[in-house]
Amino acid sequence: MMQKRLVVEFGRGKTKLAVVTVAGGHSRPQIEAFAILASVLTAEDPQALSQGLSDFSKTNAPDVQEAVVVISDPDAVFIKHMIFPALPDSEIAGAVHWRLKEEAIFANEEIQAAWQVFRRFTDEEGAKKIELVLAAALSRLVRQAVAVVSACGLLPVVVTTPPFVYAGWLGADAAASPNAVLDIGFHQATLNIYQNGQLCFSRSLGFSADKLTQSLTSALQTEAGRIALSYAEAEALKQAVGIPIEGESISSKIPSSHLGALMRPFLEGLSREIRRSLDYFTLHFKQENPSRLYLVGGGAKLKNLASHLAAELKMEVMFLPCREVVAVSPIDSPRFAEEELLLSAVVAACIFPSPVNLLPEELKTQKLEIFERISLRLIAITLGVMFLVSFLFLQLQKRDYERRLFYAQQQLKSRETQFVLKEKIDLKEGLIRHLREGHLPLDGLLKLLSHLVPRSLLLDELVFQKETSLLVLKGRISVGQEAAEIVLVNFMKKLEDSIFVKEAELSVFKAEPQDYTFEIRCDLRTK
């Protein structure tokens, strides 16, 4: 069945519109029309935006009654991770509300929030936790966006953000290993990482297309004298040349080598922030590095950016393949190719459902129809009574099974507690016995080390000096410097918290070509 969908993306500098026809079977969705408006949601006079949206809708989708709204303004939407103790689904909303109130993400502003459960896990202490990926938006801007769309005779059914709509696009591709999307906008860049078709990490980077242009306006001292580009000249040069290739000749008053020197701090900083974000994701989520980085956004159109990032990050970098997913008419194809990266979020929202919806609750109910005929009401009441009786019966059975399961779990927990307690008592008694006999329990110490050593740390040598009760641990760690220091500090703290080690000291920490080497000296307990 053919279905037309209309999507409106409200950005900080532009508003993007698209109409896509989605057909069943194996047919690719067809882009019927698209437009990019200079009017924005936060303008003092929204009349131009409303008129532009109304004209586009009436011309290209007169029979479409519903619309999907995407808010990409970085000042209006915030993506955040939240971890709570395991909660029933009915209690998550209350917990999120209080957490947002405590953190005051948007001070003195009402917030509209929606979230997706990313994972349920058990932490190192055995406590069950739930982790959410949450989108928080300014409620007044969400309602303003809904009002603008409603004024055009359209019913907003979903309000979402770009990081969540890309998840559906990468769904099939992300099943094996994580993938990342770098969205470089005019005002801000965002790195999003996806696993199994689900957004699991999002971070805003301090880089943007505008900042790159500004970096090119710095003055340079050349053989011809002091040279400085205006903002307009820098923008034109950036679009024409992009990242200059060594030895490339360019028609500009600034040589390519000097242009590269102006860009270098920006590009090095961008690569460094991406690498740090990937390292944090790998360490925090215990996952492998993303296998591929996709580029989207207007800033991603910078020439040679993909090849530069691929060389710096040592990974595959490519543009998000819009035209592999959707079909474009031959007439619109050249224009769409030029704006493809800008329209990625709009196209994705047309095709793939968003896992979160920032639409206010009272507006979600507008799609429901009320049955007014008496005959239908009587049928509904009769069915309701039947379902109620069935529900009560099932609830009684459910409670009975839950009660049995609860008692069984309590018995199991009691037995597990007794078993753990016995192991601890036996271990301590063995330690006391060995201490009284005048020597250390090396078997217990080795068992402790095998239990505490993290995955990223590799022990090469263990030296035990019996006369001084000193244990020396030598090894290597293959993560970034900041992560390496955190891993070693946590490892030494766990050693000192044990019953064997009195004090652990990092005596050597040295950077090698591929990793870091270290030496930890442990003063063992003898009394």
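Before any of the text, the structure's been laid out above.
Because the structure is a prediction, the values reported are computed rather than measured.

### Details of a nonpolar patch on the surface
A surface patch of nonpolar side chains, amounting to about 510 Å² of accessible area, comprises Leu376, Ile379, Leu383, Met386 and Phe387. Assignment of secondary structure puts leucine 376 in helix H13 (residues 374-437).

### A closer look at the pairing of strand E7 (residues 128-138)
The buried count for E7 comes to 9 of 11 residues, which makes it a mostly enclosed element. Relative to E7, strand E5 (residues 77-85) is paired through 9 bridges, and the arrangement is antiparallel. What sits directly across from proline 85, in E7, is lysine 129. The sheet contact formed by strand E6 (residues 111-122) and E7 spans 11 bridges and is antiparallel. Residue valine 117 lies in a different strand from E7, and its bridge partner there is leucine 132. Here E6 folds back onto E7 in antiparallel fashion, the turn holding 5 residues, of which glycine 126 has a positive phi close to 90°.

### So, the packing of aromatic side chains
Under the defined criterion, the tally for this structure stands at 10 aromatic pairs. Each ring, one from tryptophan 169 and one from phenylalanine 352, has its centre 6.0 Å from the other, and the planes form 40°; the classification is tilted. With tryptophan 169 in helix H4 (residues 162-169) and phenylalanine 352 in the loop between helix H11 (344-351) and helix H12 (361-364), this residue pair connects regions lying 183 residues apart in the sequence. A centroid spacing of 5.4 Å and a plane angle of 85° characterise the contact between phenylalanine 207 and phenylalanine 266, whose relative ring orientation is edge-to-face. Here phenylalanine 266 lies in helix H7 (residues 256-285) and phenylalanine 207 lies in the loop between strand E11 (198-205) and helix H5 (209-215), a separation of 59 residues in the sequence. Taking relative accessible area as the criterion, phenylalanine 207 reaches 13% and is therefore assigned buried. One aromatic cluster is present, formed by Phe118, Phe201, Tyr280, Phe281 and Phe285 through successive ring pairs. A cation over a ring is seen here: arginine 119 above phenylalanine 121, with NZ or CZ 4.2 Å from the ring centre. Between the NZ or CZ atom of arginine 335 and the centre of the ring of phenylalanine 34, over which it lies, the distance is 4.0 Å.

### Digging into the side chain of threonine 213
With respect to the helices and strands, the residue threonine 213 is situated in helix H5. Its relative accessible area of 0% is what places threonine 213 among the buried residues. At 2.6 Å, the side chain of threonine 213 forms a polar contact with the side chain of glutamate 235.

### Concerning H4
Burial analysis of H4 places 7 of its 8 residues in the buried class, the great majority of the element. Along H4, the positions that sit buried rather than exposed are Pro162, Pro163, Phe164, Val165, Tyr166, Ala167 and Trp169.

### Digging into helix H2 (residues 89-103)
Taking 1.5 Å as the rise per residue, H2 with 15 residues should run 21 Å; its terminal C-alpha atoms sit 22 Å apart, in good agreement. Turning to H2, its buried residues are Ile92, Ala95, Val96 and Leu100. An end-on view of H2 places all buried positions within 135° of arc, on one side of the element. Set apart from the buried face of H2 by more than 90 degrees, the exposed residues are Ser90, Trp98, Lys101 and Glu102. For H2, the secondary structure elements touched by its buried residues are E5, E6 and E7.

### Section: the pairing of strand E3 (residues 30-37)
The sheet contact formed by strand E2 (residues 15-22) and E3 spans 7 bridges and is antiparallel. Within E3, the residue paired with threonine 21 across the bridge is glutamine 30. In this sheet, strand E16 (residues 327-328) lies alongside E3 in parallel orientation, the contact comprising 2 bridges. Its bridge partner lying in E16, glutamine 30 is registered against alanine 327.

### Some words on the sheet that holds strand E20 (residues 516-524)
Two pairing modes exist for strands in a sheet, parallel and antiparallel, and in both the strands are linked by backbone hydrogen bonds. One open sheet holds the 4 strands; their spatial order is E17-E18-E20-E19, and the pairing between them is antiparallel. Taken across any chain shown, the strands that pair with only one partner, and hence form the sheet edges, are strand E17 (457-465) and strand E19 (501-511). Each strand of the sheet is rotated relative to its neighbour by a mean of 20°, with strand direction disregarded. Bridge analysis of E17 against strand E18 (residues 470-477) gives 8 bridges, and the strand direction is antiparallel. Within E18, the residue paired with leucine 457 across the bridge is isoleucine 477. Against the sheet, helix H15 (residues 481-497) engages E17, E18, E19 and E20, with an angle of about 160° to E19.

### As for the sheet that holds E5
Taking strand neighbours across the sheet as the criterion, the 3 strands line up as E5-E7-E6 in an open arrangement whose pairing is antiparallel. Bordering the open sheet on either side are E5 and E6, each of which pairs with just one other strand. Averaged over all neighbouring strand pairs, the angle between strand axes comes to 20°, with direction disregarded. H7 rests against E5, E6 and E7 of the sheet, and its axis sits at about 55° to E6.

### Some points on the environment of arginine 99
With respect to the helices and strands, arginine 99 occurs in helix H2. Exposure remark for arginine 99: the relative accessible area of 22% places this residue in the partly exposed category. A sequence separation of 17 residues divides arginine 99 from methionine 82, and the C-alpha atoms of the two residues are 8.5 Å apart.

### With respect to the pattern of salt bridges
The final tally for this structure, using the stated rule, is 19 salt bridges. A salt bridge links lysine 474 to glutamate 519; its shortest N-O distance comes to 4.0 Å. In this pair, lysine 474 is assigned in strand E18 and glutamate 519 in strand E20, connecting sequence segments 45 residues apart. Take glutamate 519: its relative accessible area is 15%, and that puts it in the buried class. Residues glutamate 519 and arginine 521 are paired through a salt bridge, measuring 3.4 Å at the closest nitrogen-oxygen approach. By relative accessible area, arginine 521 is classed as partly exposed at 32%. Within this structure, Arg203, Glu273 and Arg276 form a network of salt bridges that share partners.

### Things to note about the packing of H7 against helix H8 (residues 305-313)
For any two helices packed against each other, one specifies the crossing angle of their axes together with the interaxial distance. In contact at an axis separation of 10 Å, H7 and H8 are set at 55° when each is read in the N-to-C sense. By the angle between their directions, the pair H7 and H8 is classed as oblique. Of the two elements, H7 crosses H8, and the hand of that crossing is right-handed. Along its contact with H7, which presents Leu267, Leu270, Ser271, Ile274 and Arg275, the element H8 presents His308, Leu309, Glu312 and Leu313. Of the residues belonging to the contact of H7 with H8, the class tally is 5 nonpolar, 2 polar and 2 charged.

Here is what the cut-offs are and how they apply
Residues numbered from 1 in each chain as written. Predicted model: local features only at pLDDT ≥ 70, side-chain atom pairs only at ≥ 80, totals over all residues. Heavy atoms only, no water. Patch = residues over 30% accessible without salt bridge, like charges linked within 9 Å, V, L, I, M, F, W, Y side chains within 5 Å. Areas by Shrake-Rupley, 256 points an atom, 1.4 Å probe, with all protein chains shown as cover. Salt bridge = Lys/Arg side-chain N within 4 Å of Asp/Glu carboxyl O. Helix = DSSP H or I, 4+ residues; strand = E, 2+ residues; numbered from the N terminus. Buried < 20%, exposed > 50% of the residue type's maximum accessible area, 1.4 Å probe, protein only. Pairing = 2+ DSSP bridges. Phe/Tyr/Trp six-rings, centres within 6.5 Å; stacked < 30°, edge-to-face > 60°. Lys NZ or Arg CZ within 6 Å of the ring centre and 35° of its normal. Polar contact = N/O pair within 3.5 Å; in protein donor to acceptor, adjacent residues only side chain to side chain. Expected span 1.5 Å × (residues − 1). Arc of directions from axis to C-beta. Contact = heavy atoms within 4.5 Å. Axes fitted to C-alpha atoms, helices over the stretch in contact; angles between N-to-C directions. Parallel < 35°, antiparallel > 145°, perpendicular 65-115°, else oblique. Left-handed = near helix turned anticlockwise from the far one by under 90°. Nonpolar A, V, L, I, M, F, W, Y, C, P; charged D, E, K, R; others polar.

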